[in-house]
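# Observations on chain architecture
The primary structure of each chain is shown beneath.
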Amino acid sequence: MTKGILVNYDYCTGCHSCEVACKKILDLPKGEFGIKVAEVGPFEYTTLPALKEKWEWTYMPIITQACDMCAARTEIGKMPMCVQHCQAWCMYYGEAEELVKRMDGKTRWALLTVAE
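Residues numbered from 1 in each chain as written. Predicted model: local features only at pLDDT ≥ 70, side-chain atom pairs only at ≥ 80, totals over all residues. Heavy atoms only, no water.

## Some details on a nonpolar patch on the surface
Side chains of V100, M103 and L111 sit close together on the surface and give an oily, nonpolar patch of about 210 Å² of accessible area. Note on placement: V100 falls in helix α4 (residues 96-100). The class for V100 is partly exposed, based on a relative accessible area of 41%. (Patch = residues over 30% accessible without salt bridge, like charges linked within 9 Å, V, L, I, M, F, W, Y side chains within 5 Å. Areas by Shrake-Rupley, 256 points an atom, 1.4 Å probe, with all protein chains shown as cover. Salt bridge = Lys/Arg side-chain N within 4 Å of Asp/Glu carboxyl O. Helix = DSSP H or I, 4+ residues; strand = E, 2+ residues; numbered from the N terminus. Buried < 20%, exposed > 50% of the residue type's maximum accessible area, 1.4 Å probe, protein only.)

And the structure:
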């Protein structure tokens, strides 16, 4: 079974606590990340009537090649550091097939996995 991290990025505030926790557990040097919060935007919507004069700024945690889903922690039943330290409680860890079932269709989600 493939493990993954599910992110509800409608609720990610871009606090970077997942990045900090990951860098600490992996002891990564400056400029390297196991998970990196990408900041996308701002985008201004001017043509859609429902979004007139509204702005969107999105934060999206992205796992890098350094991520191993905290294998040493998850093997003993703990969560990956990024999930444990998420300030917005918008990250979930588990079997990818089970995580997909959490997607409610009302907010924006991303399922992140690593190559085995």
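## Regarding the environment of C15
Tracing the sequence through the fold places C15 in the loop between β1 (3-8) and α1 (17-26). In the structure, C15 is positioned 22 residues away from V37 in sequence and 8.5 Å away in space, judged by C-alpha atoms.

## Focus on the sheet that holds β1
Ordered by their spatial adjacency, 3 strands build an open sheet running β4-β1-β5, and the pairing between neighbours is antiparallel. The open sheet is flanked by β4 (91-95) and β5 (109-113), the only strands paired with a single partner. Recorded for the sheet is a direction-independent mean angle of 25° between the axes of neighbouring strands. In this sheet, β5 lies alongside β1 in antiparallel orientation, the contact comprising 5 bridges. Counterpart to N8 in the pairing with β5 is W109. (Pairing = 2+ DSSP bridges. Axes fitted to C-alpha atoms, helices over the stretch in contact; angles between N-to-C directions.)

## Overview of the side chain of S17
Topologically, S17 is positioned in helix α1. Within polar-contact distance, the side chain of S17 engages the backbone oxygen of H85 at 2.9 Å. When sequence neighbours within four positions are dropped, the list of residues in contact with S17 reads H85, C86 and Q87. (Polar contact = N/O pair within 3.5 Å; in protein donor to acceptor, adjacent residues only side chain to side chain. Contact = heavy atoms within 4.5 Å.)

## Considering the confidence of the model for the chain
Fine structural detail should not be taken from predicted coordinates in areas where pLDDT scores are low. The predicted model of the chain has a mean per-residue pLDDT of 93, with 99% of residues at 70 or higher. Of all the helices and strands in the chain, strand β3 (residues 54-63) carries the lowest mean pLDDT, 91, while helix α3 (residues 81-84) carries the highest, 98. (pLDDT = per-residue confidence, 0-100.)

## A short note on the packing of aromatic side chains
One pair of aromatic rings is described through two measures. These are the centre distance and the angle between the planes. Inspection of every chain in the model, using the stated rule, returns 2 aromatic pairs. Judged by centre distance (6.5 Å) and plane angle (35°), the ring pair of W57 and Y59 falls under tilted. Of the residues examined, W57 reaches a relative accessible area of 42% and is grouped as partly exposed. Ring centres of Y92 and W109 lie 6.2 Å apart, and the angle between their planes is 40°; this geometry places the pair in the tilted category. Taken together, the residues Y92 in strand β4 and W109 in strand β5 connect sequence positions 17 residues apart. (Phe/Tyr/Trp six-rings, centres within 6.5 Å; stacked < 30°, edge-to-face > 60°.)

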